[in-house]
Amino acid sequence: MQETFGGQPRPNQNRGEVLRAFLKLGFTSFGGPIAHLGYFRDELVIRRQWMSESAYADLVALCQFLPGPASSQVGFALGLSKGGFMGGLIAWSAFTLPSALFLLIFAYSAFAFGASLGQGFIHGLKLVAVAVVAQAVWGMARNLCPDRERIGIAVVAVLVVVFLPGTPGQLSAILSGAIGGLWLCKNLPPANDRRDDGRISIQLSKTLSLLALLGFFILLFGLPLIVMISSSQGVALFEVFYRAGALVFGGGHVVLPLLEASVVETGWVSADTFLAGYGAAQAVPGPLFTFAAYLGAVVAPEPNGIYGAAICLIAIFLPGMLLLVGILPFWDDLRKKDEARAVMAGTNAAVVGVLASALYHPVWTSAVFTPPDFAVALVAFVLLTVWKVAPWKVVVLTAFAGGGLSLA
């Protein structure tokens, strides 16, 4: 009744069902990672019964604990449970490629606009990025900084990023958050114990998991060395996006400052092009990390276009998937340790500070120039946070508002 996977039993594969389920989700999952997790639960846990509710809750907790795109990691693990490694890859591809293709089309068409109206639409997308990032900062601050200790960690992270710009400042802020969490957040409420039947049911050998962890760290520390001794722009591009995917805690929006420091400050992508693509990414279904495909297509040095999009897309998702495979067999014990939870609490608080800094620069400084700009961004923020309007609708409305401002 069961095949073996990594020396352990696994469910019979049904890759066709995985493909159909995740292709449907890839075309219909609007609203960001939290909404994606709700779609997964409705479609795969409740309707298709691929996993128990308690096991799904454990899986979500694990993917929120790890850096990387949480909803994509959950989807990969669900495909893994149903169809082995090939099922995981099918799930990731079917969920990711629709939005990546939409953004690739946008990359080829957006700046073909030469008239002021077309540029107005692009400016509207930059304004919606202001609203979206402000919403992310507000929501994450409420959830991840509920006490004075974590608010303090977030403020320190802002100061670190302000006085040490670029990637070094962001890495230092995250490291300071981890140290601060270990020092200040040890008295968090204990994790709820789960019954044995609530454990994640995906079976992986520890040998395979350790190899995945080894691969993660070899690439993280080895790629910068290769970039130093190599003149390959393709390797440099892969390294930048791999590093971003490996260091993003707290959701897809946090990738914004990491990528901005790597591709805008280096001159690979202009700030206007960057923010227009980020705004467009809010209007498509699927994971926000597919923004990498857009950036890979529009970077100034070659490789770019479809080849650059493929490099960046694979690079940004790969570290999160390696970590997921590496941690799965050890998760049940790790999540009960107070030290691990304290470090993650501090890291998540620091992430709020990093994203808050990015809200001012480059998002605000590159988009809001006049009082009407501020008004449009404010309306978009209220629509998202108070009226709960679907993000893609807000994107469309704000793009047209930008077009209208260009004619005024």
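Worth saying up front: this structure is predicted, and the values here are computed from it rather than measured.

1. Some points on helix H6 (residues 148-163)
Here comes step 1: With 16 residues, H6 extends 23 Å between its outermost C-alpha atoms, agreeing within 8% with the 22 Å of an ideal straight helix rising 1.5 Å per residue.
Here comes step 2: Among all positions in H6, only Arg-150, Ile-153, Ala-154, Ala-157 and Val-161 are buried. For H6, the angular spread of the buried residues around the axis is 100°, confining them to a single face. Structural note: H6 exposes Arg-148 and Phe-163 on the side pointing more than 90 degrees away from its buried face.

2. Thoughts on the environment of Ala-399
Here comes step 1: By the secondary structure assignment, Ala-399 is in helix H17 (residues 391-407).
Here comes step 2: Spatially, the C-alpha atoms of Ala-399 and Gly-124 are 4.1 Å apart, while their sequence positions differ by 275 residues.
Here comes step 3: Discounting residues that sit within four places of it in the chain, Ala-399 has contacts with Gly-120, Phe-121, Gly-124 and Leu-125.

3. What to know about the nonpolar core
Here comes step 1: Within the largest apolar cluster, 135 residues are counted, with the highest numbers of intra-cluster contacts made by Phe-22, Phe-40, Leu-78, Phe-241 and Phe-274.
Here comes step 2: Ranked by the residues each element gives to this core, the list is headed by helix H4 (residues 70-109), at 16 residues.
Here comes step 3: Looking at which domains feed residues into this core, each of domain 1 (15-93) and domain 2 (120-186 + 205-406) supplies at least three.
Here comes step 4: Sequence-distant contacts of Phe-22, that is, excluding residues within four places in its chain, are made with Phe-40, Leu-44, Trp-50, Gly-75, Leu-78, Gly-79, Ala-91, Ala-94 and Phe-95.

4. Observations concerning the packing of helix H7 (residues 166-184) against helix H15 (residues 338-364)
In helix packing, the relevant descriptors are the interaxial angle and the interaxial distance, both defined with respect to the helix axes.
Here comes step 1: Across the interface, H7 lies against H15 with an axial gap of 7 Å and an inter-helix angle of 140°. Considered as vectors, H7 and H15 are oriented oblique to each other. The element H7 and its partner H15 pack so that their crossing is right-handed. Where H7 abuts H15, its residues Gln-170, Ala-173, Ile-174, Gly-177, Ala-178, Gly-181 and Leu-182 lie against Glu-339, Ala-342, Val-343, Gly-346, Thr-347, Ala-350 and Val-354.
Here comes step 2: For the contact of H7 with H15, a count of residues per class yields eight nonpolar, five polar and one charged.

5. So, the confidence of the model for the protein
Here comes step 1: Across the protein, the average pLDDT comes to 85, with 90% of residues at or above 70.
Here comes step 2: Mean pLDDT values for the elements of the protein range from 37 in strand E1 (residues 3-5) up to 96 in helix H12 (residues 291-298).
Here comes step 3: Throughout residues 1-13 the model reports pLDDT below 50, and contacts reaching past four residues in sequence, or to other chains, amount to 29 contacts.
Here comes step 4: Between residues 191-198, whose pLDDT stays under 50, and residues either more than four places distant or in other chains, the model counts 13 contacts.

6. Digging into the packing of aromatic side chains
Here comes step 1: On inspection of all chains with the given rule, the structure shows 16 aromatic pairs.
Here comes step 2: Between Phe-217 and Phe-221, the aromatic rings sit 6.4 Å apart at their centres with planes inclined by 10°, giving stacked as the arrangement. Here Phe-217 pairs with Phe-221, and both are found in helix H8 (residues 206-229), just four residues apart, close to one helical turn.
Here comes step 3: With a centroid separation of 5.6 Å and 70° between ring planes, the pair formed by Tyr-278 and Phe-291 is classed as edge-to-face. Taken together, the residues span a long stretch of sequence, with Tyr-278 in helix H11 (residues 271-281) and Phe-291 in helix H12 at a distance of 13 residues.

7. Quick look at the packing of helix H10 (residues 255-264) against H11
Here comes step 1: Where H10 meets H11, the closest approach of the two axes is 11 Å, and the angle between their N-to-C directions is 150°. Compared by their axis directions, H10 and H11 come out roughly antiparallel. As H10 runs across H11, the sense of the crossing is right-handed. The residues of H11 that touch H10, namely those facing Leu-256, Leu-259, Glu-260, Val-263 and Val-264, are Ala-271, Phe-274 and Tyr-278.
Here comes step 2: When grouped by side-chain class, the residues that make up the contact of H10 with H11 number seven nonpolar, no polar and one charged.

8. What to know about the environment of Phe-40
Here comes step 1: Relative to the assigned elements, Phe-40 resides in helix H2 (residues 33-47).
Here comes step 2: Separated by 19 residues in the primary sequence, Phe-40 and Ala-21 place their C-alpha atoms 9.4 Å from one another.
Here comes step 3: Setting aside anything within four residues of it in sequence, one finds Phe-40 in contact with Phe-22, Leu-25, Val-45, Tyr-56, Ser-71, Val-74, Gly-75, Leu-78 and Phe-95.

9. Quick notes on the pattern of salt bridges
Here comes step 1: Scanning the model with the defined rule gives ten salt bridges in all.
Here comes step 2: Residue Arg-341 is joined to Asp-338 by a salt bridge in which the shortest nitrogen-to-oxygen separation is 2.9 Å. Taken together, the residues Arg-341 and Asp-338, both in helix H15 and three residues apart, mark about one turn of the helix.
Here comes step 3: Overlapping salt bridges bring together Glu-17, Lys-24, Glu-43, Arg-47, Arg-48 and Lys-82 as one network.

Cut-offs applied
- Residues numbered from 1 in each chain as written.
- Predicted model: local features only at pLDDT ≥ 70, side-chain atom pairs only at ≥ 80, totals over all residues.
- Heavy atoms only, no water.
- Helix = DSSP H or I, 4+ residues; strand = E, 2+ residues; numbered from the N terminus.
- Expected span 1.5 Å × (residues − 1).
- Buried < 20%, exposed > 50% of the residue type's maximum accessible area, 1.4 Å probe, protein only.
- Arc of directions from axis to C-beta.
- Contact = heavy atoms within 4.5 Å.
- Core = buried A, V, L, I, M, F, W, Y, C linked by side-chain atoms within 4.5 Å.
- Domains from an automatic or database assignment.
- Axes fitted to C-alpha atoms, helices over the stretch in contact; angles between N-to-C directions.
- Parallel < 35°, antiparallel > 145°, perpendicular 65-115°, else oblique.
- Left-handed = near helix turned anticlockwise from the far one by under 90°.
- Nonpolar A, V, L, I, M, F, W, Y, C, P; charged D, E, K, R; others polar.
- pLDDT = per-residue confidence, 0-100.
- Phe/Tyr/Trp six-rings, centres within 6.5 Å; stacked < 30°, edge-to-face > 60°.
- Salt bridge = Lys/Arg side-chain N within 4 Å of Asp/Glu carboxyl O.

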